[in-house]
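Chain by chain, the residues run as shown.
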Number of protein chains: 2
Amino acid sequence: MKIAVLGTGSVGPTIAAALSALGHDVVIGTRDPKATLARTEPGATGGPAFAAWHAAHSRVDVATFADAAARAELVVNATNGAGSLEALTAAGAANLAGKVIMDVANPLDFSRGFPPSLNPVNTDSLGEQIQRAFPEARVVKTLNTMTASVMVDPASVAGGDHSVFVSGNDAAAKEIVSGLLKGFGHRDIIDLGDITTARGAEMVLPIWVRLWGALGTGAFNFKIAR
Amino acid sequence: MKIAVLGTGSVGPTIAAALSALGHDVVIGTRDPKATLARTEPGATGGPAFAAWHAAHSRVDVATFADAAARAELVVNATNGAGSLEALTAAGAANLAGKVIMDVANPLDFSRGFPPSLNPVNTDSLGEQIQRAFPEARVVKTLNTMTASVMVDPASVAGGDHSVFVSGNDAAAKEIVSGLLKGFGHRDIIDLGDITTARGAEMVLPIWVRLWGALGTGAFNFKIAR
């Protein structure tokens, strides 16, 4: 599938590399491709600089948000939650119309320090904001409840015996996304319901952050035991 | 141990019965014991009327919030989250001073219908509100992330292979509560940290509610796979 992954933090390149390794035609979307490709400072979470990452993943193209979205059949929103709507607006409503947006971002607000707050909560979610802003796109919230390495390699934690959630209004879009999740190795995909259920999935983040602190690692995931 | 369980909804009697069966000396606290004991209508979640429940659990005494707390070494807050501070105030600060409050309630707000909102969120939690209101008590948030039957019988779901969280400022209080949790059969007790981590545990509720809808049962629990 032709897939655009928007975002060049720790999540975007991780997902892009995994999708590329699975044989998908992947392009990373960023605000300024030249500046992104010139980055030589290490990633925020200790990952390699983007230039070094790209040298090792040269099959993944790098383009503007708009160019990346225009040529893709499916768009992954892996941008910082606080900047997601701006990034998707730069990608362009016309380039997103009819397409599946796999939204893995969290609306974390670090303005008051650590731990971050979530904004919005309760009566809205980033997933819903994106769906409202791009009504012709088909938004599926997923993967936001785990760290990037677990998103693309669930077997790295407890042999893959844990759960991933999908939320969205379009059943066919959830099927397409579930196919990608299975490609990564996810076995327990729970359909929470329409895009309003993204509120629940996003509100998991505060305990995720505390578990990360308590366990001293992000290498864990939620399993719904039943 | 002498334990007061405050609350006569679906959670309080379930916990009281389980603690009594384990040999603890249990009293249920309620606003008006005479009115509670006279209740013949079924419980809100389809459980037995309180009168019928009490006939089957006559070893559990029923008293006012204050009398129940006064005679207990440990107090379980199993009241409705929206009324918890009022119930604990009725129990009386002097009756709570120095004691462990095991807080299993969630601050759910149904005023806008279903699904409920959480209030407070992000920068505060019911657990913290209780700790602030009763600074001499030792509040431990726990068990709020699962349905009542799973709280007291974790083996009823996936053989008990799932997790329970504790949050609190007092390490000794968390040890005492962990002992009770082990008595119920909980094996994976994760200490999230101080009482501010109750924010994370409480913000799990929105996805719990959606999972309950998606799975068609409350007989599930979160396991932290790692």
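In this report, we go over the structure that sits alongside the text.

Observations regarding the overall build of chain A
Each helix and strand counted, chain A has 11 helices and 11 strands in total. Whereas a compact globule of 226 residues would reach a radius of gyration of roughly 17 Å, chain A reaches 16 Å, a difference of no more than 12%. Taken over 226 residues, chain A has a buried fraction of 50%. Put simply, 74% of the contacts in chain A that link residues at least 6 apart link residues at least 24 apart.

Things to note about the pairing of strand 1 (residues 2-6) of chain B
Residue and element names in this part refer to chain B. Counting buried positions along strand 1 yields four of five residues, so the element is predominantly enclosed. Taken together, the five bridges between strand 1 and strand 2 (residues 25-30) define a ladder with parallel strand orientation. Bridge pairing in strand 2 links isoleucine 3 to valine 26. Running through helix 1 (residues 11-21), the crossover from strand 1 to the neighbouring parallel element strand 2 is right-handed. Where strand 1 and strand 4 (residues 74-77) come together, four bridges link them in parallel fashion. When the bridges of strand 4 are listed, leucine 6 appears paired with asparagine 77.

What to know about the interface of chain A and chain B
Across the contact, 35 residues belong to chain A and 35 residues belong to chain B. Sort the elements by how many residues they give to the side of chain A that touches chain B and helix 11 (residues 205-215) of chain A lands first, with eight residues. Residue composition of the side of chain A that touches chain B, grouped by class: 20 nonpolar, nine polar and six charged.

Some details on helix 5 (residues 84-91) of chain A
All names here are of chain A. Taken together, the buried positions of helix 5 are occupied by Ser84, Ala87, Leu88 and Ala91. Considered in projection along helix 5, the buried side chains sweep an arc of 95° and stay on one side of the axis. Buried-residue contacts for helix 5 involve strand 1 (2-6), strand 2 (25-30), helix 4 (65-70), strand 4 (74-77), helix 6 (93-96) and helix 7 (126-133). Of the residues flanking the end of helix 5, it is glycine 92, one or two places downstream, whose phi is positive at about 100°.

Details of the environment of B:Gly81
All names here are of chain B. Tracing the backbone shows glycine 81 in the loop between strand 4 and helix 5 (84-91). Owing to 22 C-beta atoms within 10 Å, glycine 81 belongs among the buried residues under this scheme. Excluding residues within four positions of it along the chain, glycine 81 makes contact with Ala105, Asn106, Pro107, Leu108 and Leu126.

Overview of the sheet that holds strand 10 (residues 188-193) of chain B
Residue and element names in this part refer to chain B. Reading across from one edge, 3-2-1-4-5-8-9-10 is the order of the eight strands in this open sheet, with mixed pairing throughout. Each edge of the open sheet carries a strand with a single partner, namely strand 3 (61-64) and strand 10. The mean angle between the axes of side-by-side strands here comes to 25°, regardless of whether they run parallel or antiparallel. The strands touched by helix 5 within the sheet are strand 1, strand 2 and strand 4, with strand 4 carrying the most contacts at an inclination of about 155°.

Conventions and cut-offs
All residue numbers refer to positions counted from 1 along the written sequence of the respective chain. Each chain gets a letter, beginning with A, and each ligand a number, beginning with 1, in the order they are written. Given that the model is predicted, a residue must reach a pLDDT of at least 70 before its local features are reported, and side-chain atom pairs must reach 80 or more before they are shown or counted; all residues, however, enter totals for whole chains, interfaces and linings. The numbering of helices and of strands both runs from the N terminus, where a helix is a DSSP run of H or I of at least 4 residues and a strand a run of E of at least 2. What the globule rule says is 2.2 Å times the number of residues to the power 0.38, and the radius of gyration is computed from C-alpha atoms. For every residue, the other C-beta atoms within 10 Å of its own C-beta are counted; 20 or more classify it as buried, 12 or fewer as exposed, and values in between as partly exposed. C-beta atoms are placed from the backbone. Residue pairs are scored as contacts if the distance between their C-beta atoms, which are placed from the backbone, is within 7 Å. Two strands qualify as a pair provided that DSSP identifies no fewer than 2 bridges between them. The definition of a right-handed crossover adopted here requires that, viewed with the strands pointing away, the path from the first strand over the helix to the second runs clockwise. Ten residue types, Ala, Val, Leu, Ile, Met, Phe, Trp, Tyr, Cys and Pro, are classed as nonpolar, four, Asp, Glu, Lys and Arg, as charged, and the remainder, Gly among them, as polar. To obtain the arc, one takes the directions from the helix axis to the C-beta atoms. Fitted lines through C-alpha atoms give the axes, limited to the stretch in contact for helices. The angle between two N-to-C directions lies from 0 to 180 degrees.

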